[in-house]
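Structural description and commentary
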Amino acid sequence: MTQSLNQVTEWEQRRDEATRYYKRGEFQEYLALATENLKLARVIPDRAREGYALNDIGLAHLGCWQPQRALDCFYQALAVAQEFGNVRAEATALSNLGSTYSRLGKFSQALEYLDKALQIFRKLEDAQGEVSTLNDVALIYTRLGEPKRALLLQNQILTMRRLLGDFSGEATTFNGIGYAYSALGQFEQALEYFQAALPIQRAVKSLVGEATTLNNIASIYSDLGQPKQALLLYHQVLLTRRVLKDRAGEATTLNNLGFTYNSLANHWQALKLYKQAVAIYKDLGDHVGESSTFLNMGSLYAKRRRKKLALSCYRNAQELATQIQYQPLVEKVQQFIDALS
């Protein structure tokens, strides 16, 4: 009995330590500790803690952009939660499944899981779980071309965050609101929200959050016709992404850098960066990112009247977008192909 109690204490302490790594964006370290906890939970044995550890490992894989592994872990965590009738753990696993499908661009599946999670969180009156899940839903609406619907949700989320005293969560919501305004073409308003997120992320020492926000600010500078300011920020962000070993973030920044160099007519540099981004996206299995980058490459070739190369890139983008059934991207690619003929 004493041995089991000691092991439970060890499990709890390791999970607290792992959470600190997660918040700092150090996902490999988080993964190592969560994996140790899974082994320990099986030794004790403690099925409930096994479920929590599986969920933690899923989050680590998601942070390392290994979505398929994340899905496997979340499905296992869901099965354990349902076996014990632990509805809170069930809602968490459902929400994480939704978040993972969203990353993969499978939005209808994502919304299905997120909706199930929301229903449970609301029954439990778990406001934190509800807010986190609603945030994923709002981001999906923006990506599906419904930014006004996303804005309504984000403003609702912001009120809830403030009632909860969730200071760092406010920054996440400011980013979501900025993203929606950017999709609406209201760049000045988007910039205001991104700039409001930045001091919060610096105060809570969130390097991941800060890099994301700086990347968003740089994108707005690019949209506002200030590419040189955008470049300065993107290069800063790229360094941070590499320090954090955030390969998905690195690919996004390389793609954005390519887009900015292209707008400055530095086509050789733009192509070099696009190719680096595509290589990382391919390695990660991120079809959304890879498709978007091929679209940018195709546009570059089209402007230089290299139609065959442009069409080849557009076809690659079309194939990837069709595979993941990301309809807005499929339609966008088709428009570019039609404009080429």
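Everything below is about the structure printed above this text.
The shown structure was predicted, so the numbers you read here are calculated from the model rather than taken from an experiment.

What the protein chain contains, in helices and strands, is 17 helices and 0 strands. Its C-alpha radius of gyration of 21 Å places the protein chain within 12% of the 20 Å reference for a compact globule of 341 residues. Seen through its principal axes, the protein chain has C-alpha atoms that stretch 75 × 40 × 35 Å. Look at the contacts in the protein chain between residues 6 or more apart in sequence, and 51% of them connect residues 24 or more apart. Total accessible area computed for the protein chain in this model is approximately 16600 Å², and 51% of it derives from carbon and sulfur atoms. Of the charged side chains in the protein chain, 39 are positive and 34 negative; the average position of the first set lies 9 Å away from that of the second.

Under the criterion given, the structure shown has 7 aromatic pairs. Ring centres of tyrosine 75 and tyrosine 113 lie 6.2 Å apart, and the angle between their planes is 75°; on these two criteria the pair is classed as edge-to-face. Placement of the pair is tyrosine 75 in helix 4 (residues 67-84) and tyrosine 113 in helix 6 (residues 107-124), with a sequence separation of 38 residues. Tyrosine 75 sits in the partly exposed class, given a relative accessible area of 31%. Members of the aromatic cluster, each reached through a chain of ring pairs, are Tyr22, Phe27 and Tyr30. Lying over the aromatic face of tyrosine 113, lysine 116 brings its terminal NZ or CZ to 5.6 Å of the ring centre.

Procedures and definitions
- Residues numbered from 1 in each chain as written.
- Predicted model: local features only at pLDDT ≥ 70, side-chain atom pairs only at ≥ 80, totals over all residues.
- Heavy atoms only, no water.
- Helix = DSSP H or I, 4+ residues; strand = E, 2+ residues; numbered from the N terminus.
- Rg over C-alpha atoms; globule rule 2.2 N^0.38 Å.
- Contact = heavy atoms within 4.5 Å.
- Areas by Shrake-Rupley, 256 points an atom, 1.4 Å probe, with all protein chains shown as cover.
- Lys, Arg positive; Asp, Glu negative; His and termini not counted.
- Charge placed at Lys NZ, Arg CZ, Asp CG, Glu CD.
- Phe/Tyr/Trp six-rings, centres within 6.5 Å; stacked < 30°, edge-to-face > 60°.
- Buried < 20%, exposed > 50% of the residue type's maximum accessible area, 1.4 Å probe, protein only.
- Lys NZ or Arg CZ within 6 Å of the ring centre and 35° of its normal.

Function cannot be inferred from these measures alone, as they are strictly geometric.
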